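Reading the structure
Spelled out, the chains give:
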Amino acid sequence: MSDLSVSTVPGQGAAPLARRARPARQPALRRARTLQRAAFRALPWLSPLAGLLLWQLAAECALVSEHILPAPGRVLATLGELSHSGELWSAARISLWRLTVGLLIGAPLGFLFGLLLGASPRAEDWLGPSFRAIAAVPALGWIPVLILLVGIDEVLKVIILIKACFVPVAIASRDAWRAVPARYAELGRVLGLSPLRQLWRIRLPAMVPTLFSGLRLASGQAFVSLVTCEMLAATDGLGYLMVWGRTLFQMDLVIVGMIAVGSAGIALDRLLRGGERALRARMGDDG
Amino acid sequence: MKTSPLLSVSGVSKSFPVNGVPFRALADVGLELRRNEIIAVIGASGCGKSTLLRCIAGLETPDSGTLAIAGVPVTTAGQGSAVVFQDHRLLPWLTVRGNVELALEPLAMTAAERQARAARYIALVGLDAFAESYPRQLSGGMAQRAAIARALAVETDLVLMDEPFGALDSILRTRMQEELLKIWRAHQVSILIVTHDIEEALYLADRVVVMRPGPGHVHEVVELALPRPRSRDTEAFSQLRGHLLAALAQTPAEVVA
């Protein structure tokens with residue numbers, strides 16, 4: 001493979017040069033590098049720390065009433081109490097359970113519907129506009145009507161969440177289908193693959209990146225809808241914990257709820273990202 | 001059967017709308033390809049040479065005329081021919097081996113047979129060491145070799161090539177042409193190659209089909225009586241080059257070389 005051997009020549013030529021330059025610069029350079037790396041790692045923590053500092057300051061100077069903004073230490077204590085008593089975990093468990101059910105039902109349905117919209121111009125013509133109209137009404141806009149129809153039980157939350165997952169996944173699947181390069185579709189035909197094989201071996205793998213961003217969007221939206229839904233119409237879950245704190249005027253409870261929701265949101269996104277990375281690594285993509 | 005052509009194209013016409021105006025890409029095109037023959041189709045852009053290849057590959061349906069491979073009319077893609085595109089068109093999420101094996105999936109064979117056949121053709125194009133590499137890890141020439149392995153592995157009698165070396169630099173292109181001839185001699189396939197490179201046509205083909213645009217039609221078929229292996233700097237070679245240049249040049253401004 002001479003086109004390979006040719007490409008390695010400049011690399012070999014450059015190596016001695018770099019080695020010669022290194023000893024003189026190394027200590028200073030290394031120190032600068034370490035500093036830079038540390039700065040980069042600290043960067044994401046900078047704004048939360050500044051916020052925490054401001055918060056502590058505001059509490060200490062009694063700028064705001066303790067009933068409205070309790071001190072960080074107080075919130076921390078409440079967090080400890082709630083997690084020790086298990087209240088926080090049971091609330092989180094219920095919320096995550098609802099989210100999982102919503103994702104497990106809503107995402108596959110949305111995926112299939114999105115494929116239909118993507119693959120069939122007729123389906124897009126017939127169903128597309130009504131789908132978009134339904135999608136434009138936020139999940140929470142359905143609560144008043146749904147409460148009257150199905151009551152305030154678990155079914156209500158599940159329906160809201162299914163809807164919240166269904167819409168972004170359907171849109172992402174439709175777009176992903178349309179975004180598959182025509183060259184790949186043509187290849188499937190030229191190779192004489194059956195339609196099912198073209199779908200399974202060419203279309204779906206080509207759709208993976210777009211699908212995953214849709215799934216992440218869906219889980220984010222579903223989570224937001226879930227918490228709001230629990231605040232409006234529930235007797236348990238993280239959202240309810242926050243509402244409960246507000247009614248009792250225990251702002252530390254509310255803030256603990258906010259921390260829990262934020263952390264769960266990050267964890268969920270990380271989980272999906274990890275899944276996507278694992279899948280793409282299996283498909284030979286290290287990007 | 002021995003004397004009947006492998007590919008016969010007759011009276012093929014095709015138009016498609018370009019900006020709402022029907023564009024006549026092919027008008028009454030006919031040609032025949034014998035077994036174990038290499039035909040090069042050359043012509044200026046817009047002469048319909050790629051449309052002709054796409055019709056033979058079953059990717060386009062002609063408005064009229066007949067296309068048959070080994071006497072069987074072409075009705076769908078992937079029937080009786082394999083295609084090498086200008087871009088290698090390897091699937092980025094599959095290794096070289098995966099890409100070649102994918103082409104074998106429609107064939108009735110066991111997984112073991114599929115693996116063995118893929119390995120044989122990957123070795124044929126000299127990529128054995130890169131069978132587990134992904135397309136983005138390959139150079140342009142290596143990727144195009146993998147694409148050729150994928151087309152040959154199906155073992156159809158007819159291989160269609162649409163400017164297969166057009167994206168490669170001239171040194172690599174020359175070497176790939178030599179390799180292609182080596183494979184062709186060993187494997188007894190018939191090749192129809194569309195190119196805009198007159199030298200490529202002269203180096204590879206038994207016959208050169210010159211097409212002209214407006215609407216696309218076959219202007220001339222030139223039989224190349226050059227012995228193989230061919231040298232690019234003989235008198236006969238340059239004479240034929242001059243002839244083809246003249247045949248292509250509808251008006252002096254449209255010379256393509």
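Since the model is a prediction, treat every value here as computed from it, not as a measurement. (Residues numbered from 1 in each chain as written. Chains lettered and ligands numbered in written order. Predicted model: local features only at pLDDT ≥ 70, side-chain atom pairs only at ≥ 80, totals over all residues. Heavy atoms only, no water.)

Attention shifts here to the overall build of chain A. Each helix and strand in chain A was counted, giving 10 helices and 0 strands. Of the regular secondary structure in chain A, the N- to C-terminal order runs α-α-α-α-α-α-α-α-α-α. Across the 287 residues that make up chain A, the buried fraction comes to 34%. Sequence separation of at least 24 residues holds for 69% of the intrachain contacts in chain A that already meet a minimum separation of 6. By element, 68% of the accessible surface of chain A is carried by carbon and sulfur atoms, the whole surface being about 17300 Å². (Helix = DSSP H or I, 4+ residues; strand = E, 2+ residues; numbered from the N terminus. Buried < 20%, exposed > 50% of the residue type's maximum accessible area, 1.4 Å probe, protein only. Contact = heavy atoms within 4.5 Å. Areas by Shrake-Rupley, 256 points an atom, 1.4 Å probe, with all protein chains shown as cover.)

Now for the domain arrangement of chain A. In terms of domains, chain A is made up of domain 1 (32–62) and domain 2 (72–285). Computed over C-alpha atoms only, the centres of domain 1 of chain A and domain 2 of chain A are separated by 31 Å. (Domains from an automatic or database assignment.)

Residue and element names in this part refer to chain B. Inspection of the secondary structure puts Ser64 in strand β4 (residues 64–69). Linking Ser64 and Ser13, residues 51 residues apart in sequence, is a C-alpha distance of 5.4 Å. In this structure, Ser64 is in contact with Gly11, Val12 and Ser13, ignoring residues within four places of it in sequence.

Residue and element names in this part refer to chain B. With mixed pairing, 6 strands are arranged side by side in an open sheet as β6-β7-β8-β3-β9-β10. With partners counted over all chains shown, the strands left at the sheet margins are β6 (81–84) and β10 (217–223), one partner each. Averaged over neighbouring strand pairs, the angle between their axes works out to 20° when direction is ignored. Two elements, strand β9 (residues 207–212) and β10, share 6 bridges in a ladder whose sense is antiparallel. Bridging across to β10, Val208 finds its partner in Val222. Taken strand by strand, helix α4 (residues 140–153) contacts β6 and β7 (158–162), and its axis lies near 175° from that of β6. (Pairing = 2+ DSSP bridges. Axes fitted to C-alpha atoms, helices over the stretch in contact; angles between N-to-C directions.)

Glancing now at the sheet that holds strand β1 (residues 7–18) of chain B. All names here are of chain B. Sheet architecture is open: 4 strands sit in the order β2-β1-β4-β5, paired in antiparallel fashion. The open sheet is flanked by β2 (21–33) and β5 (72–73), the only strands paired with a single partner. Where β4 lies against β5, 2 bridges are found, and the strand directions are antiparallel. Each bridged residue has a counterpart across the sheet, and for Ala68 the counterpart in β5 is Pro73. Across the sheet, helix α1 (residues 49–56) is in contact with β1, β2 and β4; its angle to β2 comes to roughly 65°.

Attention shifts here to the packing of aromatic side chains. Note on aromatic pairs: each is described by the distance of the centres and the angle between the planes. This structure, assessed with the given rule, holds 5 aromatic pairs over all chains. When the centroid spacing of 6.0 Å and the interplanar angle of 50° are considered together, the rings of B:Phe16 and B:Phe23 count as tilted. By relative accessible area, B:Phe16 is classed as partly exposed at 27%. Each residue in the set A:Phe113, A:Phe131 and A:Phe166 is aromatic and connected to the rest through ring pairs, giving one cluster. Over the face of the ring belonging to A:Trp177 we find A:Arg203, whose NZ or CZ atom lies 4.3 Å from the ring centre. (Phe/Tyr/Trp six-rings, centres within 6.5 Å; stacked < 30°, edge-to-face > 60°. Lys NZ or Arg CZ within 6 Å of the ring centre and 35° of its normal.)

Before going further, it helps to examine the UniProt feature "domain: ABC transmembrane type-1" (unreviewed entry) in chain A. In this structure's numbering, the residues bearing the UniProt feature "domain: ABC transmembrane type-1" (unreviewed entry) are residues 88–272 of chain A. Secondary structure across residues 88–272 of chain A divides into 87% helix and 0% strand, with the first and last C-alpha atoms of the span separated by 23 Å. (UniProt positions renumbered as here; feature names shortened; annotations may be inferred.)

As a further point, take a nonpolar patch on the surface. Residue and element names in this part refer to chain A. Where nonpolar side chains cluster on the molecular surface, the patch consists of Val145, Leu149, Val150, Val155 and Ile159 and spans about 410 Å² of accessible area. When residues of the nonpolar patch are traced back to their parent elements, those giving at least two are α5 (143–150) and α6 (154–179). With 3 residues, the top contributor of residues to the nonpolar patch is α5. Positionally, Val155 belongs in helix α6. (Patch = residues over 30% accessible without salt bridge, like charges linked within 9 Å, V, L, I, M, F, W, Y side chains within 5 Å. Salt bridge = Lys/Arg side-chain N within 4 Å of Asp/Glu carboxyl O.)

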